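Fold and geometry: a report
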Amino acid sequence: MSDPGPIICDMAHPDHRTGVAFAHDVLAQRVVFGSGAASRLLAEEIERVGGTRVLLVASPSEADLAARLTAHLGDRVSVVATFDGVRPHVPVAVAEAARAVARSSGADVVVPVGGGSTTGTAKAVALTEHLPVVAVPTTYAGSEATPVWGLTEDGRKTTGVDPVVLPRTIVYDPELTLTLPVALSVASGLNALAHCVDSLWAPRADPLNAAIATEGIRALAAGLVAVVDDPADLDARDRCLYGAYLSASAFASAGSGLHHKICHVLGGAHDLPHADTHAVVLPHVLAFNAPAAPEAERRVADALGADDALAGLVALTRRLGAPHDLHSLGLEEHDIAADARTVAEAAPPSNPRPVTAADAERILRAAWAGLDPTSDPTPDPTPDPTPHKEERR
Ligand code: NAD
């Protein structure tokens, strides 16, 4: 079945009288949500995309969850191969090994059951083998709702956008996230929250993304606090998964903002834990951008029920016991200056304020040391990059 491609919703018509003008791609994807949905509906959803021969992708720690689902596939759909060599950030060698399994098994559909690394491995298969993906996410990373693929080689992460990797169907089942330890739930949920916040100033930020992202922040903040209080609270897990989907759809549409560029540089170069890195970096990016992005600041504050976005985010991360420094995650201090230069080169022109290498270094140093983002003195939000006449003399 060929991919139907994006639906363009273009409000930039000259006769449009509201003054709102934007173009927004809505991704063609089926989203199935429900407690117990994965074991009840997976076979049906696989058949719906034309699949019967499944390449199951699940890491060893996700194998039990996957086995629970595949036990219910019935007679018409069967697992013809399993790939469990999942690694974070999808090394090219892992992608090639998974593709070889897909080819030799004659699989006609890829079913990842697991976190973003597992979904990413399935996407790598889809990229070259053009097999449909039916994703069953078990974390809040959100990769399943984007057409973004990522591969890592020689310490550099390459990403791209291709509709062929967008899972045809997502089956969200909060029961599958009950085993996700609290620390992983928090880091993964803050990764999702970062998708929401960053999409407010990313290159294709628009009012639809902003509305989706704001609802995502609300759902994630409430859900994560409740998960920390009671990890077995299925309603809380529901809310987090719902927020994760919203966050990823806002991110998919808006693109990568400064926050994601920073995490991308750090993840690719140093193999830092992905979700934890997001959790640490986000408050520092908000501290840097918020003074120059009042509307985004308001939205985040309102969604968090706080007077001030940054104070609200910092209070939330403390309440959740989130990691707060890159040093403990394995970043070496001597790498910061070079990383900062790469970040400054990669910073999107859409960022609410320019990002020099010195700015990036300041953000990275604060995040490395775990400084309090609310008390870290922020440089002038509207620096003039042109030297004044007196300075030139
Ligand atoms: P992950 O997939 O590496 O999973 C973290 C750990 O949790 C793994 O050990 C995994 O086996 C385990 N796990 C997963 N689900 C579990 C469950 N329900 N119970 C117990 N353990 C469970 O980490 P992640 O944060 O989910 O994903 C990070 C990756 O996703 C990164 O490589 C990132 O680049 C990618 N990502 C991609 C996109 C995209 O749009 N392409 C978006 C977000 C994240």
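Criteria and cut-off values
Residues numbered from 1 in each chain as written. Predicted model: local features only at pLDDT ≥ 70, side-chain atom pairs only at ≥ 80, totals over all residues. Heavy atoms only, no water. Near = heavy atom within 4 Å. Polar contact = N/O pair within 3.5 Å; in protein donor to acceptor, adjacent residues only side chain to side chain. Areas by Shrake-Rupley, 256 points an atom, 1.4 Å probe, with all protein chains shown as cover. Helix = DSSP H or I, 4+ residues; strand = E, 2+ residues; numbered from the N terminus. Buried < 20%, exposed > 50% of the residue type's maximum accessible area, 1.4 Å probe, protein only. Salt bridge = Lys/Arg side-chain N within 4 Å of Asp/Glu carboxyl O. Phe/Tyr/Trp six-rings, centres within 6.5 Å; stacked < 30°, edge-to-face > 60°. Domains from an automatic or database assignment. Buried area = accessible area lost by both parts, 1.4 Å probe.

1. Examining the site of the ligand
Residues in close proximity to the ligand total 23 residues, the closest being Ser61, Thr138, Thr139, Thr146 and Lys157. Between the ligand and the protein, one listed contact pairs an oxygen atom with a side-chain N or O atom of Thr139 at 2.6 Å. Side-chain polar atom of Thr179 to a nitrogen atom of the ligand: 2.8 Å apart, as the coordinates give it. Within the complex, 84% of the 860 Å² of free accessible area of the ligand lies under protein.

2. A closer look at the environment of His72
Tracing the backbone shows His72 in the loop between helix 2 (63-70) and strand 5 (78-83). Judged by relative accessible area, His72 falls into the partly exposed class, the value being 48%. Sequence-wise, His72 and Ser39 are 33 residues apart; in three dimensions their C-alpha atoms are separated by 5.9 Å.

3. Thoughts on the pattern of salt bridges
Throughout the structure, instances matching the rule amount to 13 salt bridges. As a salt-bridge pair, Arg298 and Asp302 come within 3.5 Å of each other at their nearest N and O atoms. Taken as a pair, Arg298 and Asp302 lie in helix 10 (residues 294-304) at a separation of 4 residues, close to a single helical turn. Residue class for Arg298 comes out partly exposed when judged on its relative accessible area of 36%. Residue classification places Asp302 among the partly exposed positions, given a relative accessible area of 49%. Connected through salt bridges with shared partners, the residues Arg30, Glu44, Glu45 and Arg48 form a single ionic network.

4. Overview of the packing of aromatic side chains
Enumeration according to the criterion identifies 2 aromatic pairs in this entry. Taken together, a centroid distance of 5.3 Å and an interplanar angle of 35° make the contact between Phe33 and Tyr172 tilted. Taken as a pair, Phe33 in strand 3 (residues 30-33) and Tyr172 in strand 10 (residues 169-172) lie far apart in primary sequence, 139 residues in all. Overall, the relative accessible area of 35% leaves Phe33 in the partly exposed class. Judged by centre distance (5.9 Å) and plane angle (70°), the ring pair of Tyr172 and Tyr245 falls under edge-to-face. Remark: Tyr245 occurs in helix 7 (residues 234-254) and Tyr172 occurs in strand 10; sequence separation between them is 73 residues. The class of Tyr245 is partly exposed, set by a relative accessible area of 23%.

5. Thoughts on the domain arrangement of the protein
Its domain assignment divides the protein into domain 1 (36-172) and domain 2 (182-392). Of note, the centres of domain 1 and domain 2, computed from C-alpha atoms alone, are 28 Å apart. Summed over both partners, the interface of domain 1 with domain 2 comes to about 1500 Å²; 64% of that surface belongs to carbon and sulfur atoms. Interface area lost by domain 1 to domain 2 is led by His89, Tyr140 and Tyr172, which between them contribute 47%. The interface formed by domain 1 and domain 2 includes 0 salt bridges. Viewed at the interface, domain 2 and domain 1 are joined by 5 residue pairs in polar contact (both at pLDDT 80 or more). Of all the secondary structure elements, the ones that give two or more residues to the side of domain 1 that touches domain 2 are strand 9 (156-161) and strand 10. Here the side of domain 1 that touches domain 2 gets 3 residues from one element, more than from any other, and that element is strand 9.

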